[in-house]
Amino acid sequence: MRCPACGTQVTPFKNPVPTVDIIIETEGGIVLIERKNPPFGWALPGGFVDYGESFEDAARREAAEETGLSVTLTLQFHTYSAPDRDARQHTASTVYVATASGHPVAADDAQRAEVFHEGNLPPLVFDHERILRDYFAFKQNGHRPFL
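Residues numbered from 1 in each chain as written. Predicted model: local features only at pLDDT ≥ 70, side-chain atom pairs only at ≥ 80, totals over all residues. Heavy atoms only, no water.

> Tell me about the packing of aromatic side chains, and name the residues and values.
Two aromatic rings are characterised by how far apart their centres lie and by the angle between their planes. Applying the stated criterion across every chain, the model contains four aromatic pairs. The rings of Phe77, Tyr135, Phe136 and Phe138 are connected pair by pair, giving a single aromatic cluster. (Phe/Tyr/Trp six-rings, centres within 6.5 Å; stacked < 30°, edge-to-face > 60°.)

As structure tokens, then:
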């Protein structure tokens, strides 16, 4: 790899890739999507932050793209950054809590979008089971159970 300005050879660094995930609260529960692409399974709506995009804008965009819902972000919940949280590459996901009204409609990378509650969650991909366990503990206890 060479510097585009001066042509000096530079060593590329591997850094975590920023992502967002959104816990969308609606009447009846939270919205999950069934992924169209590997890894297949149920997940929180979310995805990669685009260059030049704020994390908040990425969260709103990903929520709209995957669920058809316009969300209002209410809380930056936590950042999950374990190197093995995504088998494809090292990602660091900032998780937001948001509210929305209406019924989710799957689009973009989602083949289904449905509302679930704590008692009927499907098996989840990535570390989303841990994220939701932390979220439900937070909702019940009023504090974040990590760090």
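Next comes the rest of the write-up.
> Tell me what's going on with the nonpolar core, and back it up with residues and numbers.
Ranked by internal contacts, the top residues of the largest apolar core, which has 16 residues, are Ile23, Ile30, Leu32, Phe77, Leu132 and Tyr135. Counting only elements with at least two residues in this core, the list comes to strand S2 (29-35), strand S5 (72-80), strand S6 (91-99) and helix H2 (128-141). At five residues, H2 tops the list of elements feeding residues into this core. Within the second largest apolar cluster, 13 residues are counted, among which are Val20, Ile22, Ile24 and Val71. (Core = buried A, V, L, I, M, F, W, Y, C linked by side-chain atoms within 4.5 Å. Buried < 20%, exposed > 50% of the residue type's maximum accessible area, 1.4 Å probe, protein only. Helix = DSSP H or I, 4+ residues; strand = E, 2+ residues; numbered from the N terminus.)

> Residue-level account of the environment of Phe136, with values.
In this fold, Phe136 is placed in helix H2. Sequence spacing of Phe136 and Glu118 is 18 residues, and the spatial spacing of their C-alpha atoms is 7.3 Å.

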